[in-house]
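As a plain string of letters, each chain reads:
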Amino acid sequence: MEILNQSVKKAGDAIAAAPLARVSTAEPSKDAVGGIVDQDNRLTWLTHDESGGPTPYAKQKLGLPTIETETATGGFLDKDNRLTWLTHDESGGPTPYALDRLQKSLALPTGSPSTPTTPTGAPTNRHAMLENELRLLHGGTIRTAGAAPVCMIFDHGLYNFKNIVLPLLRARGLASTLAINSRMYAAGAANTFENRETTFAEIDAWTVADKVEIANHGATHRAGTLTEAEAQDDIVNGLKELQAALPSKRILTWVQPAIEYPGFNNGATTANWTDTESGKLIYQHHAAATGTMRAVNQPQIPRDGNIVQGAYGVWLDAASSVATIKTQITAAATAHRGIILRHHPKSIDGGSTLITTAELTDLLDFLKAEQDAGHIRVLTFGQWSIADTGY
Ligand SMILES: [Zn+2]
């Protein structure tokens, strides 16, 4: 037990030095050797109780079952059957995996430059480097010399995208962003019919031969409220799978699907992004992301070369929406601000309340003419995110 006491103190000291949380050294009882105060000001003891095991609150906060072996006193197994030691490594600090598990389980703040060991998977420089990559990929800030940056984002509906939208874009040389789900072709997937008769190989070819950017739209597009684990799978594994299926171009952007990640509310407020696991995961794993945050001049969004996170667009799914959107684009061009156009290709010619091929064609003709006149620049969402209307 003496070894355990020392180990726990070591972990506590290392975390305190980070500084990731306040650590008590008061030792109010012999059962309270070291502890962490979490964001709710509740104390978790990384130590044994009188029976030699972790306290019930510690186990509950960690969400992990205790293991009981002769050589593994004070360790936990997670759902992947990986062991976390509440102990020191050879340097005297907690192991990176142990620190990572504690940070995630206790929602501790992370990222201090004085952290003695780099936590595995904790937010460090990932997002900044993805922004960096986006800029490198496009040759730096895209200066439009006053023209309004316009991006068109198409949400799945691959059958109509392939057969109606893409030929229209090609004929006019217009860029676009296609938001898709990595498991859209799986048995029982959402939106199977609207994505029919297309393949990942075809889509990958569009990213090379056409001005089509792919955005991560989550793995599943499933209905209902997801658990934290399902949300993490949807966001992070969805990106990995999509990149593996579409290897030709880097996928650096996220387009928020209207599905219920816990507490995220489709990214409507700063807190949705900063105080939910889904918001943090989307931000960490993508250079730029859409959400439902409104600009003061919505749908006009200032474009000054700095990435705007969580911006919302205007939808052109409805019948007769094109006239309104043309007016909004003209207003954005006059104000030298950007605008995001959103569209579900499955809507096209889908009934009297929905947009027709003729209306979409009319809008694309308008965009081409406005671009040729120097009033707007039609960009992918990634390009739009680093556009600057200045010279
Ligand atoms: Zn969608």
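Residues numbered from 1 in each chain as written. Predicted model: local features only at pLDDT ≥ 70, side-chain atom pairs only at ≥ 80, totals over all residues.

Draft legend 1. Spotlight on the overall build of the protein. Each helix and strand counted, the protein has 12 helices and 15 strands in total. Relative to its full complement of 391 residues, the protein shows a buried share of 42%. (Helix = DSSP H or I, 4+ residues; strand = E, 2+ residues; numbered from the N terminus. Buried ≥ 20, exposed ≤ 12 C-beta atoms within 10 Å, placed from the backbone.)

Draft legend 2. Looking closely at helix 10 (residues 321–335). Over its 15 residues, helix 10 runs 21 Å from end to end, which matches the ideal 21 Å to within 8%, given 1.5 Å per residue. For helix 10, the complete set of buried residues consists of Val-322, Ile-325, Ile-329, Ala-332 and Ala-333. Down the axis of helix 10, the sector holding all buried residues measures 100°, keeping them to one side. Opposite its buried face, helix 10 presents the exposed residues Ala-323, Thr-324, Thr-327 and Thr-334, each directed more than 90 degrees away. Those residues of helix 10 that are buried lie in contact with strand 7 (148–155), strand 12 (314–315), strand 13 (339–343), helix 11 (357–372) and strand 14 (376–379). (Expected span 1.5 Å × (residues − 1). Arc of directions from axis to C-beta. Contact = placed C-beta atoms within 7 Å.)

Draft legend 3. Structural view of unusual backbone geometry. The residue after Gln-298, namely Pro-299, is reached through a cis peptide bond having omega 5°. Here Pro-299 shows up in the loop between strand 11 (288–293) and strand 12. Phi at Asn-266 takes a positive value of approximately 60°, unusual for a residue other than glycine. Tracing the backbone through its elements, the reader meets Asn-266 in the loop between strand 10 (253–254) and helix 8 (270–274).

Draft legend 4. Local environment of the environment of Ile-355. Here Ile-355 is to be found in the loop between strand 13 and helix 11. C-beta crowding within 10 Å serves as the criterion here: with 24 such atoms nearby, Ile-355 is assigned to the buried category. Considered as a pair, Ile-355 and Pro-345 are 10 residues apart in the sequence and their alpha carbons are 9.3 Å apart. Residue contacts for Ile-355: discarding those within four places in its chain leaves Leu-316, Asp-317, Ala-318, Ala-319, Ser-321, Ser-347, Ile-348 and Leu-360.

Draft legend 5. Local environment of the pairing of strand 9 (residues 212–216). Within strand 9, five of the five residues are buried, leaving the element largely enclosed by the surrounding structure. In strand 9, alternate side chains face the same way, and those of Val-212, Ile-214 and Asn-216 on one face and Glu-213 and Ala-215 on the other are all buried. Where strand 8 (residues 176–180) lies against strand 9, five bridges are found, and the strand directions are parallel. Bridge assignment links Leu-178 to a residue of strand 9, and that residue is Ile-214. What joins strand 8 to strand 9 is helix 6 (residues 200–209), and the crossover it makes is right-handed. (Pairing = 2+ DSSP bridges. Right-handed = clockwise from strand over helix to strand, strands pointing away.)

Draft legend 6. Geometry of the packing of helix 7 (residues 228–245) against helix 9 (residues 277–285). Packing of helix 7 against helix 9 brings their axes to within 10 Å, and their N-to-C directions diverge by 10°. Between helix 7 and helix 9, the angle falls in the class roughly parallel. Judged by residue contacts, Glu-228, Ala-231, Gln-232, Ile-235, Val-236 and Leu-239 of helix 7 engage Glu-277, Ser-278, Leu-281, Ile-282 and His-285 from helix 9. Looking at the contact of helix 7 with helix 9, its residues break down into six nonpolar, three polar and two charged. (Axes fitted to C-alpha atoms, helices over the stretch in contact; angles between N-to-C directions. Parallel < 35°, antiparallel > 145°, perpendicular 65-115°, else oblique. Nonpolar A, V, L, I, M, F, W, Y, C, P; charged D, E, K, R; others polar.)

Draft legend 7. Representation of the nonpolar core. Grouped together as the largest cluster of nonpolar side chains are 69 residues, with contacts concentrated most on Val-150, Cys-151, Ile-153, Ile-339, Leu-341 and Ile-376. Other than its neighbours up to four places away in sequence, Val-150 contacts Ile-329, Ile-339, Leu-341, Leu-367, Ile-376, Arg-377 and Val-378. (Core = buried A, V, L, I, M, F, W, Y, C linked by C-beta atoms within 7 Å.)

Draft legend 8. Structural detail: the packing of helix 10 against helix 11. Here helix 10 crosses helix 11 at 15°, and the two axes come no closer than 10 Å. As judged from the angle between their axes, helix 10 and helix 11 are roughly parallel. The handedness of the crossing between helix 10 and helix 11 comes out as right-handed. Here helix 10 contributes Val-322, Ile-325, Lys-326, Ile-329 and Ala-333 to the contact with helix 11, which in turn contributes Glu-359, Asp-362, Leu-363, Phe-366 and Glu-370. (Left-handed = near helix turned anticlockwise from the far one by under 90°.)

Draft legend 9. Representation of the confidence of the model for the protein. This prediction gives the protein a mean pLDDT of 82; 69% of its residues lie at or above 70. Low pLDDT, under 50, characterises residues 66–74; the stretch is placed with 15 contacts to residues that sit more than four places away or in other chains. (pLDDT = per-residue confidence, 0-100.)

Draft legend 10. Main features of the environment of Thr-227. Secondary-structure assignment places Thr-227 in the loop between strand 9 and helix 7. Distance from Thr-227 to Tyr-261, taken between C-alpha atoms, is 7.4 Å for residues 34 residues apart in sequence.

Draft legend 11. Quick look at the pairing of strand 7. Along strand 7, eight of the eight residues are buried, which leaves the element largely enclosed by surrounding structure. Of the two faces of strand 7, the one carrying Ala-148, Val-150, Met-152 and Phe-154 and the one carrying Pro-149, Cys-151, Ile-153 and Asp-155 are both buried. Where strand 7 lies against strand 14, four bridges are found, and the strand directions are parallel. Each residue of the ladder has a partner; that of Pro-149, found in strand 14, is Arg-377. One ladder, built from five bridges, connects strand 7 with strand 13; its direction is parallel.

Draft legend 12. Spotlight on the environment of Ala-244. Mapped onto the elements of the fold, Ala-244 is located in helix 7. Judged by the 10 C-beta atoms lying within 10 Å of it, Ala-244 falls in the exposed class. Residues Ala-244 and Ser-182, spaced 62 residues apart in sequence, show a C-alpha to C-alpha distance of 9.2 Å.

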